[in-house]
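Residue-level structural notes
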Amino acid sequence: MTVNSRPARPVMLGQNQYGKAENRVVKITRDGATHHIKDLNVSVALSGDMEEVHYSGSNANVLPTDTTKNTVYAFAKEHGIESAEQFGIHLARHFVTSQEPIKQARIRIEEYAWERIEASDANSRFIGADEVKHSFVRKGQETRLTQITYDGECWEVVSGLKDLVVMNSTNSEFWGYVKDKYTTLKEAYDRILATEVSGRWRFNWTDDEQRMPHWEKSYEQVRKHMLQAFAETYSLSLQQTLYQMGSRIINNRSEIDEVRFSLPNKHHFLVDLEPFGLKNDNEVYYAADRPYGLIEATVLRDGCEAKIPVDLTNL
């Protein structure tokens, strides 16, 4: 039976990619009695000369997704995991340079942080260990993120975090806003400002001739500047705070050209205690989970072009 491999016009194949998503890999590095842990969720997406597999089902150019999964685990052993960014760079380079049909690789990584459990001085001797250096508790704060894209010539590295909940219990106001017949919100001159930070930042490292950033130090410093800006800004709006967070990062980290934040306003409303004969002097609040104001914006280094997608849902 003869099969037409290519459909009749005007039907054409558009953007396409394939790979293995959410490969969970945990790498333990043993430095004597002291162990170090890297806990990643790695997703691989490959694109290139893949027309025939869509038109006729020919797999001649297809590297199996199972192979990409195996590569993730093999590379954890062969290269180690110095950082999420460095690991993603190793993977992206391998897929593009080892498989001629593959023209671009995109590696997305979530990193889950762990911290050491401190042993008690009183009980350690009963279990035969003076120091415990191999026990960890999962940190309950943010998830670290990175996305590596490589086309054989240029790199794009966008890192970030999500699920980082922060709060200022004072030094925040909200007043002077537009009011119409549907406005019921009262102006606030001393309010709680809280949000769950989702942020991404794009590095200006784009080719192998440039000096590569120190990925671990960069993340620590970006996080520090972001949190310090949140804490030190007397806020008249969440937009103002967002801009200060982004500009603090740009001004202090030369390796970063663009920052984008998505900040849901985690509203805290004063509870009316007057029916009970009690005065609520900014002490008791109702924490509402929805609906919430959603503040989003990009902060750029002067002269740079915005490249981080407006919608961070899948980045």
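One can find the structure itself at the top, above this paragraph.
Quick summary incoming for the structure in this document. (Residues numbered from 1 in each chain as written. Predicted model: local features only at pLDDT ≥ 70, side-chain atom pairs only at ≥ 80, totals over all residues. Heavy atoms only, no water.)

1. Regarding the overall build of the chain
From N to C terminus, the chain includes 5 helices and 12 strands. For 315 residues, the compact-globule estimate of 2.2 N^0.38 gives 20 Å, and the chain exceeds it by more than 25% at 25 Å. If you line up the chain on its principal axes, its C-alpha atoms span 85 × 70 × 40 Å. Here the chain, with 315 residues, has 39% of them falling under the buried criterion. Taking all contacts inside the chain whose residues are at least 6 apart in sequence as the whole, residues at least 24 apart take part in 67%. Of the roughly 18600 Å² of accessible surface on the chain, 48% is carried by carbon and sulfur atoms. A distance of 2 Å separates the average location of the 38 positive side-chain charges in the chain from that of its 46 negative side-chain charges. (Helix = DSSP H or I, 4+ residues; strand = E, 2+ residues; numbered from the N terminus. Rg over C-alpha atoms; globule rule 2.2 N^0.38 Å. Buried < 20%, exposed > 50% of the residue type's maximum accessible area, 1.4 Å probe, protein only. Contact = heavy atoms within 4.5 Å. Areas by Shrake-Rupley, 256 points an atom, 1.4 Å probe, with all protein chains shown as cover. Lys, Arg positive; Asp, Glu negative; His and termini not counted. Charge placed at Lys NZ, Arg CZ, Asp CG, Glu CD.)

2. Side note on the sheet that holds strand β7 (residues 155-168)
Sheet architecture is open: 8 strands sit in the order β1-β2-β3-β6-β7-β8-β9-β12, paired in antiparallel fashion. Both edges of this open sheet fall to β1 (23-31) and β12 (293-300), since each of them pairs with a single strand only. On average, each strand axis in the sheet is tilted by 20° relative to the strand beside it, whichever way the strands run. The strands touched by helix α3 (residues 84-98) are β2 (34-48), β3 (102-112), β6 (143-150) and β7; relative to β3, the strand with the most contacts, the crossing angle is about 160°. (Pairing = 2+ DSSP bridges. Axes fitted to C-alpha atoms, helices over the stretch in contact; angles between N-to-C directions.)

3. What about the side chain of R144?
Its location among the elements puts R144 in strand β6. Under the relative-accessibility criterion, R144 is labelled buried at 7%. A distance of 2.8 Å separates a polar atom in the side chain of R144 from a polar atom in the side chain of E216. With residues up to four places along the chain from it excluded, the contact list for R144 reads S83, E85, I109, E110, E111, G160, L161, W215, E216 and Y219. (Polar contact = N/O pair within 3.5 Å; in protein donor to acceptor, adjacent residues only side chain to side chain.)

4. So, a nonpolar patch on the surface
There is a patch of nonpolar side chains on the surface, built from W175, Y189, Y234 and L236 and spanning about 430 Å² of accessible area. Inspection of the secondary structure assignment puts L236 in the loop between α4 (215-232) and α5 (238-252). (Patch = residues over 30% accessible without salt bridge, like charges linked within 9 Å, V, L, I, M, F, W, Y side chains within 5 Å. Salt bridge = Lys/Arg side-chain N within 4 Å of Asp/Glu carboxyl O.)

5. So, the pattern of salt bridges
Scanning the entire structure with this criterion turns up 19 salt bridges. R253 is the salt-bridge partner of E255, the closest N and O atoms lying 3.0 Å from each other.

6. Points about unusual backbone geometry
With an omega dihedral of -10°, the bond running from R290 to P291 counts as a cis peptide bond. Take P291: it is sitting in the loop between β11 (285-287) and β12. One non-glycine residue with positive phi stands out, namely E22, at about 55°. Along the chain, E22 falls in the segment before β1. Of note in this structure, N171 is not a glycine but carries a positive phi near 60°. Position of N171 relative to the elements: it lies in the loop between β7 and β8 (193-203).

7. Details of the environment of Q17
As for its position among the elements, Q17 is in the segment before β1. Overall, Q17 belongs to the partly exposed group, its relative accessible area being 40%. Expressed as a C-alpha distance, the spacing of Q17 and K279, which sit 262 residues apart in the sequence, is 60 Å. Not counting residues within four places of it along the chain, the set of residues in contact with Q17 comprises A45, L46, S47 and R106. Within polar-contact distance, the side chain of Q17 engages the side chain of Q15 at 3.1 Å.

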